[in-house]
Amino acid sequence: MKMDLDTDMDVEVESPPLDEEEKAVGGRSDVERRMRERIERTERRAAICDRIATVVIWGLALFGLGILAFIIGTILVRGLTTALTPGFVFGKPEAIREGGGIWPMIVSSFYLALLTIAIAIPLGVGAAIYMAEFAREGWVTRVVRFGADSLSTVPSVVFGIFGMVLFVIYFGLGYSLLAGALTLALLNLPMVMRTTEEALKAVPCSYREASMGLGATRWETVKKVLLPSAMPGITTGAVLTIGRIVGESAAVIYTVGIFIRKVPTSPLSPAAPMAANIWHTYTEGALVSDWMRVANGEAAFLLLVVLVLNLLARLAANRFQKRLGAVK
Amino acid sequence: MSDNGNEIKFELREMDLFYDGFKALEDVDLDIECRNITAIIGPSGCGKSSALRCLNRMNDLVDGARVEGTVNLDGENIYRKNYNVVELRKRVGMVFQKPNPFPKSIYENVTFGPRLFGIRDRETLEGIVEESLRKAALWSEVEGKLKTSALALSGGQQQRLCIARVLAVSPEVILLDEPCSALDPIATQRIEDLLSELKETYTIVIVTHNMQQAARLSDYTAFFMIEEQGDPGKIVEFGPTNTIFTNPDDERTERYITGRFG
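Residues numbered from 1 in each chain as written. Chains lettered and ligands numbered in written order. Predicted model: local features only at pLDDT ≥ 70, side-chain atom pairs only at ≥ 80, totals over all residues.

What follows covers the overall build of chain A. Within chain A, the secondary structure is distributed over 13 helices and zero strands. Put simply, chain A runs from its N terminus to its C terminus through helices and strands in the order α-α-α-α-α-α-α-α-α-α-α-α-α. Sequence separation of at least 24 residues holds for 75% of the intrachain contacts in chain A that already meet a minimum separation of 6. (Helix = DSSP H or I, 4+ residues; strand = E, 2+ residues; numbered from the N terminus. Contact = placed C-beta atoms within 7 Å.)

Right, dumping it as structure tokens:
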């Protein structure tokens, strides 16, 4: 923002307005002149600094955006034509021949996302309700919060290996959608919990008082007042979580699988979500001569899916906001 | 029974209120008569609102709040073990300082309470809505737009909606915590008229910063004060509003109502 100081005003503050007679006296006007020069100099310097800062900040913002645009652009340029071919999207993957599609991978991704959400949302939202509305602030809540925050910094590959050991091997689920969903649910639990808790905390206290004042129990208050009011936040969190699940590869590689030819049907089927399959195709897919085309097309398709999901999250939040009738 | 033969609704005896270690109120004795308006006045921070919130155990929502002494509602201590707080809040409704309608429709706001108590029948609910809104002098203004959001109403209308929402659960007592402090004079006037009418049926306790409002509106007035910062609030004087405002016993009361401090 540009500083717009009024020079005259400033001089007036420093020395009160002078009569014509006084101005004629050389000494006074000299002081005034120097003062004015100094103010003008300071002002010029401030204006220059301001301009430099503006340029730098804009430059940084553009740089960040530029990188993002470059990545998205590259992926789309390389793969969009393939990604938008029906034969590719709905086609069967090929292990040796050319011309394979990715339909089972798309199904895997969405199947996995839905399963994960079905596990993570009830757990996360429930925990958040407890934390925000029922638990007394104390060491228990602090420990849970610290745990959740720590979990969210653990690399997903660690979750992958943990999931493989616990669900795939120990519980004997094998490489399957369910094993992956359980792992990813753990991975995303902190995020679901946090967004829900924040959303609940953002509900004005006056709603709680109004509800309890009318004789509602805590649970009735949560159910009828707080959850509806927090819905935009919770939905946004859920859709963003789906986006993260669809884009997750490391944890999936160890628990679900990387290549399949048949569409997965049951939660216990092995599957190959897109992100994991892209990794597989790039690193070990050289058996098919058009592996580059498949990987690029799949990457472009995955990118589109994630972009659409983010857009949906926004729309859903806006929609809820409107329905709540927030006029201000 | 009080001296003049009216029934007593609330009877507070040696009530103390603590927030953790801090004593917010001390030794509060108060008799609140049926079908009257009792005003609670006093300088900021003297515990008036806290005292009001003791009457429907709203302070339970505050971590570390604790009440000692007796608060009898129709002769039964509401702080005794296993007292049904939900039932209490149904009998003792509350209207807050800032209008706080739910971000739902006008209709849903008024039916919120009745639905909680299991009333599902549409016709009954519609009857309750009309009756409550009429009593709250809001019906004529919202009649055709019950399904619109309550947040679209003006501040004064929102506050009357909050009163209607309380009336819908047919309480015996209505507590009001500075209900007009966020409203303009015209909206305030309407609320005051409304309260004067409601006192025919309900027992009303109102906390107010506005001395004229207490004088105009109430039958009894309790004056709360703290001696020094950090001391608990106490009742300085309690009696018929007329006496308090024209011939107070305590010098501090007189100084306060004539505007010489606080």
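Still more to cover.
Our focus in this paragraph is the overall build of chain B. A count of helices and strands for chain B gives ten helices and ten strands. For chain B, the C-alpha radius of gyration of 18 Å lies close to 18 Å, the compact-globule estimate for 262 residues. Seen along its three principal axes, the alpha-carbon backbone of chain B occupies a region of about 55 × 45 × 35 Å. A total of 262 residues make up chain B; the buried ones form 45% of that total. Counting contacts in chain B only where the partners sit at least 6 residues apart, residues at least 24 apart contribute 67% of the total. (Rg over C-alpha atoms; globule rule 2.2 N^0.38 Å. Buried ≥ 20, exposed ≤ 12 C-beta atoms within 10 Å, placed from the backbone.)

Residues and elements named next belong to chain B. Strand order in this open sheet of six strands is E6-E7-E8-E3-E9-E10, and the pairing throughout is mixed. The sheet terminates laterally at strand E6 (92-95) and strand E10 (234-240), the two strands that pair on one side only. Here the average twist between neighbouring strands, direction ignored, is 15°. Alignment of strand E7 (residues 173-177) against strand E8 (residues 203-207), held across five bridges, turns out to be parallel. The residue bridging Asp-177 from the neighbouring strand is Val-207, located in E8. The strands that helix H6 (residues 155-167) touches are E6 and E7; relative to E6, the one it contacts most, it runs at about 170°. (Pairing = 2+ DSSP bridges. Axes fitted to C-alpha atoms, helices over the stretch in contact; angles between N-to-C directions.)

On the side of chain A, 19 residues touch chain B, which itself brings 22 residues to the contact. Mapped onto the side of chain B that touches chain A, the elements with two or more residues apiece are helix H2 (85-91), E6 and helix H3 (106-116) of chain B.

Moving on, we come to the nonpolar core. Ranked by internal contacts, the top residues of the largest apolar core, which has 146 residues, are Leu-112 of chain A together with Ile-40, Ala-164, Leu-175, Val-205, Phe-223 and Phe-224 of chain B. For this core, the element with the most residues is helix H8 (residues 177-201) of chain A, which contributes 14 residues. Once residues lying within four places of it in the same chain are set aside, the contact partners of Phe-223 of chain B are Ile-41, Gly-42, Ile-235, Val-236, Glu-237, Ile-244, Thr-253 and Tyr-256 of chain B. (Core = buried A, V, L, I, M, F, W, Y, C linked by C-beta atoms within 7 Å.)

What follows covers the sheet that holds strand E1 (residues 8-19) of chain B. All names here are of chain B. One open sheet holds the four strands; their spatial order is E2-E1-E4-E5, and the pairing between them is antiparallel. The open sheet is flanked by strand E2 (22-33) and strand E5 (76-77), the only strands paired with a single partner. The pairing of E1 with strand E4 (residues 65-73) spans eight bridges and is antiparallel. Within the sheet, the bridge partner assigned to Phe-18 lies in E4 and is Arg-66.

A few words on the pairing of E4 of chain B. All names here are of chain B. Judged from the two bridges that link them, E4 and E5 form a sheet pairing that is antiparallel. By the bridge assignment, Asn-72 is partnered in E5 with Asn-77. With antiparallel pairing between neighbouring strands as the criterion, E4 and E5 make up a hairpin whose turn holds two residues, including Asp-74 at a positive phi of roughly 50°.

Take the packing of helix H6 (residues 139-151) of chain A against H8 of chain A next. Residue and element names in this part refer to chain A. Contact geometry for H6 and H8: axes closest at 8 Å, N-to-C directions at 125°. Relative to H8, the element H6 is oriented oblique. When you trace H6 past H8, the crossing you get is left-handed. Here Ala-148, Asp-149 and Leu-151 of H6 come into contact with H8, specifically with Pro-190, Met-193 and Arg-194. (Parallel < 35°, antiparallel > 145°, perpendicular 65-115°, else oblique. Left-handed = near helix turned anticlockwise from the far one by under 90°.)

Take the environment of Leu-200 of chain A next. Residue and element names in this part refer to chain A. Considering the arrangement of structural elements, one finds Leu-200 in helix H8. Assessed through the 21 C-beta atoms surrounding it within 10 Å, Leu-200 is described here as buried. The spatial distance from the C-alpha of Leu-200 to the C-alpha of Arg-142 is 17 Å, given a sequence separation of 58 residues. Sequence-distant contacts of Leu-200, that is, excluding residues within four places in its chain, are made with Ala-128, Ile-129, Ala-132, Glu-133, Leu-226 and Ala-230.

Both trends apply: most residues other than glycine have a negative phi, and most peptide bonds are in trans. Residues and elements named next belong to chain B. A positive phi is found at Asp-27, a non-glycine position, where the angle reads about 55°. Among the structural elements, Asp-27 can be located in strand E2. Take Asp-27: there are 14 C-beta atoms within 10 Å of it, and that puts it in the partly exposed class. If you check the backbone angles, Arg-35 has positive phi at about 45° while not being a glycine. Looking at the secondary structure, you find Arg-35 in the loop between E2 and strand E3 (37-41).

All names here are of chain B. Averaged over chain B, the pLDDT score is 90; the fraction of residues at 70 or greater is 97%. For chain B, per-element mean pLDDT is lowest for helix H10 (residues 251-257), which scores 88, and highest for E8, which scores 95. Both confidence scores are given for the complex: pTM 0.75, ipTM 0.85. (pLDDT = per-residue confidence, 0-100.)

Before going further, it helps to examine the confidence of the model for chain A. Residue and element names in this part refer to chain A. When pLDDT is averaged along chain A, the result is 85, and 89% of the positions lie at 70 or above. Across chain A, the secondary-structure element scoring lowest on mean pLDDT is helix H1 (residues 7-14), at 46, and the one scoring highest is helix H7 (residues 156-170), at 93. Below a pLDDT of 50 lies the segment residues 1-14, which in the model reaches 16 contacts outside its immediate sequence neighbourhood of four places, other chains included.

Now for the environment of Leu-167 of chain B. Residue and element names in this part refer to chain B. Summarising the element assignment, Leu-167 is placed in helix H6. On the basis of neighbour counts, which here come to 24 C-beta atoms within 10 Å, the residue Leu-167 falls in the buried class. With eleven residues separating them in the primary sequence, Leu-167 and Glu-178 have C-alpha atoms 18 Å apart. Once residues lying within four places of it in the same chain are set aside, the contact partners of Leu-167 are Ser-132, Lys-135 and Ala-136.

This part takes up the pairing of strand E9 (residues 220-225) of chain B. Residues and elements named next belong to chain B. With six of its six residues buried, E9 lies for the most part within the structure. The alternating pattern of E9 places Tyr-220, Ala-222 and Phe-224 and Thr-221, Phe-223 and Met-225 on opposite faces, both of which are buried. Inspection of the sheet shows E3 paired to E9 by four bridges, in the parallel sense. Considered in E9, the bridge of Ile-41 is made with Phe-223. With six bridges joining them, E9 and E10 adopt antiparallel strand pairing. Directly across from Met-225, in E10, lies its bridge partner Lys-234.

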